[in-house]
Amino acid sequence: MSDDEQRDPVERLRAADPAAGLEPRDGFGDEVVARATADTGRVEGGAAVTDLGLERARRRRGWLQVAAVAASLVVVGAAGGAAGYGIGATTGGATNLADGAAPAISLPSGADAGVAEQGVMPQPSTGDAKSFGSDASGMMYPYWGGRNHFTASGLSSSEGTAAAYGFDARAASGADSIAVLAAALGVEGTPELSFGTWMVGLQDGTGRSLSVSLDGMSAFWYSDPGINPWHCVKVDEPCEPTGTPPSEDAAIDALRSLISSTGRDPGAFEFTSETWEGSPTRTAQAWRVVDGQRIDQAWSVEVSDGGVFSASGALAELVPLGDYPVVSEREAFERLSDPRFGAQMTVMPAAMRDVPVTTEVWTPPTEVPAPPTAGTAVSWPVNEVEIVEARLGLGSQWQPDGSVLVVPAYEFTDTDGGTWSVIAVAESQLDFGSK
């Protein structure tokens, strides 16, 4: 399979969305709501009752799986349509792909857990008899729904300690910090706090804009619709994006320049880049590496032949929190079956990844199922999962107050190539009573 075919289907669908990253023009949302409610009377004074600022702020609070920062001149679109991927020093040449750090681990409690590099878990769908049984509804469901029977052998019973970290959002928050970032990105205006989000620039999709959330990572999102090939000037007319996607090296260089301009060392990150067939743009990601492990939050940019038109990330830096006690591989394995720990599959089994996409046309039934008979066994499928490998790494954990920790976590690999994650911190350091 090609690299693109191995990508998660939901990720590919989102990447192909031509409206991704766009902001509506001023009044567009109100017009849509007005049309939709024209027959229901849910309009006051001829205008729909809606608050686009609130909706945008609410939506942006979920954009935590990507991260990127700019505290001094970063990468913006070039004037006059010329390609411009960086202003300022770029440390070294472009680094293509990851250089060997262990993959990131996503814990169930993380924002959009599992949506990092590993991808979102798909809903039950048609599988093959070899992997999941002849009845897909009977064998696919438990894998995703939780009815799993785990077995393993050879796991260590040794306990220990491991380093933990946290995001220092307060050190990067405040109007002054936001103003510096806005100036670096070429966004004009004064930072204004609205519905838990700092906003600078035009918020109607007609010019450069920046928003920074008051969350545990000071997550930000930047957009320049002027060089976004997916952006239609006339929203009521279709438009075809044009342009050639920049090279992998160009996209990664742009992100390296972004990181360097903030005073950070690009050598502390691993870089990936991707595009898809027919796209005029390319994305690049930078994964922070700590103790040989990728953190499940990445800086990200998307570039067109005019420059960087989208960037997102976190202003907060990681700070050490000392060592935490961690359970053994054996005890962590037992947590896979403990509902208190909500074990999560973070990578689908290899057999499922290899199932080809079917083009068969669904045949509707011609009659209802036969009625059950007395003594019919109750279908309660349980998936047998044999664990063959354990790895101690790091995963993000959102606290009740909104702060974000990066704590020790285990990743278990099963015989089919699927992986499962659970927190590795010992119960003595877990607060089960927090709300």
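Cut-off values and rules
Residues numbered from 1 in each chain as written. Predicted model: local features only at pLDDT ≥ 70, side-chain atom pairs only at ≥ 80, totals over all residues. Heavy atoms only, no water. Helix = DSSP H or I, 4+ residues; strand = E, 2+ residues; numbered from the N terminus. Buried < 20%, exposed > 50% of the residue type's maximum accessible area, 1.4 Å probe, protein only. Contact = heavy atoms within 4.5 Å. Areas by Shrake-Rupley, 256 points an atom, 1.4 Å probe, with all protein chains shown as cover. Arc of directions from axis to C-beta. Pairing = 2+ DSSP bridges. Axes fitted to C-alpha atoms, helices over the stretch in contact; angles between N-to-C directions. 1 Å grid on protein atoms, 1.4 Å probe; cavity = no way out; pocket = protein on both sides within 12 Å on 5 of 7 lines; lining within 4 Å. Points joined across faces, edges and corners; volume = space filled by probe spheres on them. Salt bridge = Lys/Arg side-chain N within 4 Å of Asp/Glu carboxyl O. Core = buried A, V, L, I, M, F, W, Y, C linked by side-chain atoms within 4.5 Å. Phe/Tyr/Trp six-rings, centres within 6.5 Å; stacked < 30°, edge-to-face > 60°. Expected span 1.5 Å × (residues − 1).

Enquirer: Break down the overall build of the protein for me, with residues and values.
Expert: Within the protein, the regular secondary structure consists of 10 helices and 17 strands. Evaluated residue by residue, the protein yields a buried proportion of 44% over its 435 residues. For the protein, the proportion of contacts with a sequence separation of at least 24, taken over those separated by at least 6, is 70%. With the model as given, the accessible surface of the protein reaches about 21,700 Å², and the carbon-plus-sulfur share is 53%.

Enquirer: Describe the side chain of Glu-411, with residues and values.
Expert: For Glu-411, the location among the structural elements is in strand 16 (residues 404-414). When sequence neighbours within four positions are dropped, the list of residues in contact with Glu-411 reads Ala-104, Ile-105, Thr-346, Glu-389, Ala-390, Arg-391, Thr-419 and Trp-420.

Enquirer: Let's hear about helix 7 (residues 175-185): which residues, and what values?
Expert: Looking only at helix 7, the buried set comprises Ile-178, Leu-181, Ala-182, Ala-184 and Leu-185. Buried positions in helix 7, seen along its axis, are confined to an arc of 160° and lie on one side of it. Turned more than 90 degrees away from the buried face of helix 7 sit Asp-176 and Ala-183, all of them exposed. Tucked inside the fold, the buried residues of helix 7 contact strand 6 (197-201), strand 7 (209-213) and strand 8 (219-223).

Enquirer: Report on the sheet that holds strand 6, specifying residues and quantitative values.
Expert: The antiparallel open sheet is built from eight strands, whose spatial order is 5-6-7-8-12-11-10-9. Looking at which strands have only one partner, the edges of the open sheet turn out to be strand 5 (192-194) and strand 9 (269-274). Within this sheet the neighbouring strands show an average axis-to-axis angle of 20°, counted without direction. The pairing of strand 11 (residues 293-304) with strand 12 (residues 307-314) spans five bridges and is classified as antiparallel. Residue pairing across strands places Glu-302 opposite Ser-310, the latter belonging to strand 12. The sheet strands contacting helix 7 are strand 6, strand 7 and strand 8, and the helix crosses strand 7 at an angle near 150°.

Enquirer: Give a detailed account of empty space enclosed by the protein, specifying residues and quantitative values.
Expert: A full pass over the atoms with the stated rule returns four cavities of 30 Å³ or more. Computed from the structure, the largest cavity encloses a volume of approximately 130 Å³. Listed by contribution, the elements that provide at least two residues to the lining of the largest cavity are strand 11 and strand 13 (317-326). In terms of residues, the lining of the largest cavity owes the most to one element, strand 11, which gives three residues.

Enquirer: Describe the pattern of salt bridges, listing the residues and the values that go with them.
Expert: According to the stated counting rule, one finds five salt bridges in the structure shown. Between Asp-224 and Arg-208 there is a salt bridge whose closest N-O contact spans 3.2 Å. Within this pair, whereas Asp-224 is found in the loop between strand 8 and helix 8 (248-261), its partner Arg-208 is found in the loop between strand 6 and strand 7, the two being separated by 16 residues in sequence. Its relative accessible area of 26% is what places Arg-208 among the partly exposed residues. In this structure, a network of salt bridges that share partners links the residues Asp-338, Arg-340 and Glu-427.

Enquirer: I'd love a proper account of the nonpolar core, names of residues and values included.
Expert: Residues Leu-210, Val-212, Phe-220, Leu-255 and Val-301 are the most contacted members of the largest nonpolar core, which totals 28 residues. It is helix 8 that provides the largest number of residues to this core, a total of six residues. Dropping the residues within four chain positions of it, Val-301 is found in contact with Ala-251, Leu-255, Leu-258, Arg-282, Thr-283, Ala-284, Val-308, Ser-310 and Ala-311. Among the nonpolar cores identified, the runner-up in size contains 17 residues, and Leu-336, Val-385, Trp-420 and Ala-426 belong to it.

Enquirer: Requested: an account of the packing of aromatic side chains, with residues and values cited.
Expert: For any pair of aromatic rings, the description consists of the separation of the ring centres together with the inter-plane angle of the planes. Enumeration according to the criterion identifies six aromatic pairs in this entry. Between the aromatic rings of Phe-150 and Trp-420, the centroid separation amounts to 5.1 Å while the plane-to-plane angle is 90°, which identifies the pairing as edge-to-face. Highlighted residues: Phe-150 in strand 3 (residues 148-152) and Trp-420 in strand 17 (residues 419-423), separated in sequence by 270 residues. Both residues of the pair, Phe-150 and Trp-420, count as buried.

Enquirer: Could you give an account of helix 8, with specific residues and numbers?
Expert: Helix length check: helix 8 (14 residues) gives 20 Å between terminal C-alpha atoms against 20 Å at 1.5 Å per residue, within 8%. By the criterion of burial, helix 8 is predominantly enclosed, with 11 of the 14 residues buried. All buried positions along helix 8 are accounted for by Ala-250, Ala-251, Ile-252, Ala-254, Leu-255, Arg-256, Ser-257, Leu-258, Ile-259, Ser-260 and Ser-261. Against the buried residues of helix 8 lie strand 9, strand 10 (282-290), strand 11 and strand 12. Looking one or two residues beyond helix 8, the residue adopting positive phi is Gly-263, at roughly 85°.

Enquirer: An account of unusual backbone geometry is requested, with residue identities and associated values reported.
Expert: Residue Phe-195 is not a glycine yet carries a positive backbone phi of 50°. Within the secondary structure layout, Phe-195 lies in the loop between strand 5 and strand 6. Of the residues examined, Phe-195 reaches a relative accessible area of 41% and is grouped as partly exposed.

Enquirer: Requested: an account of the environment of Gly-418, with residues and values cited.
Expert: Mapping Gly-418 onto the fold places it in the loop between strand 16 and strand 17. On the accessibility criterion, Gly-418 (0% relative accessible area) is buried.

Enquirer: Any details on the pairing of strand 9? Residues and values, ideally.
Expert: Counting buried residues along strand 9, five of its six residues qualify, which places the element largely inside the surrounding structure. Summarising the sheet, strand 9 and strand 10 pair through six bridges and their orientation is antiparallel. Counterpart to Phe-271 in the pairing with strand 10 is Ala-286.

Enquirer: Give me the environment of Leu-155: which residues, what numbers.
Expert: Here Leu-155 shows up in the loop between strand 3 and strand 4 (160-168). Apart from residues no more than four positions distant in its own chain, Leu-155 is found in contact with Glu-329, Arg-330, Phe-333, Ala-390 and Phe-412.

Enquirer: Break down the environment of Glu-277 for me, with residues and values.
Expert: You can see Glu-277 is positioned in the loop between strand 9 and strand 10. Put simply, Glu-277 and Pro-245 are 32 residues apart on the chain and 9.9 Å apart in space, counted from C-alpha to C-alpha.

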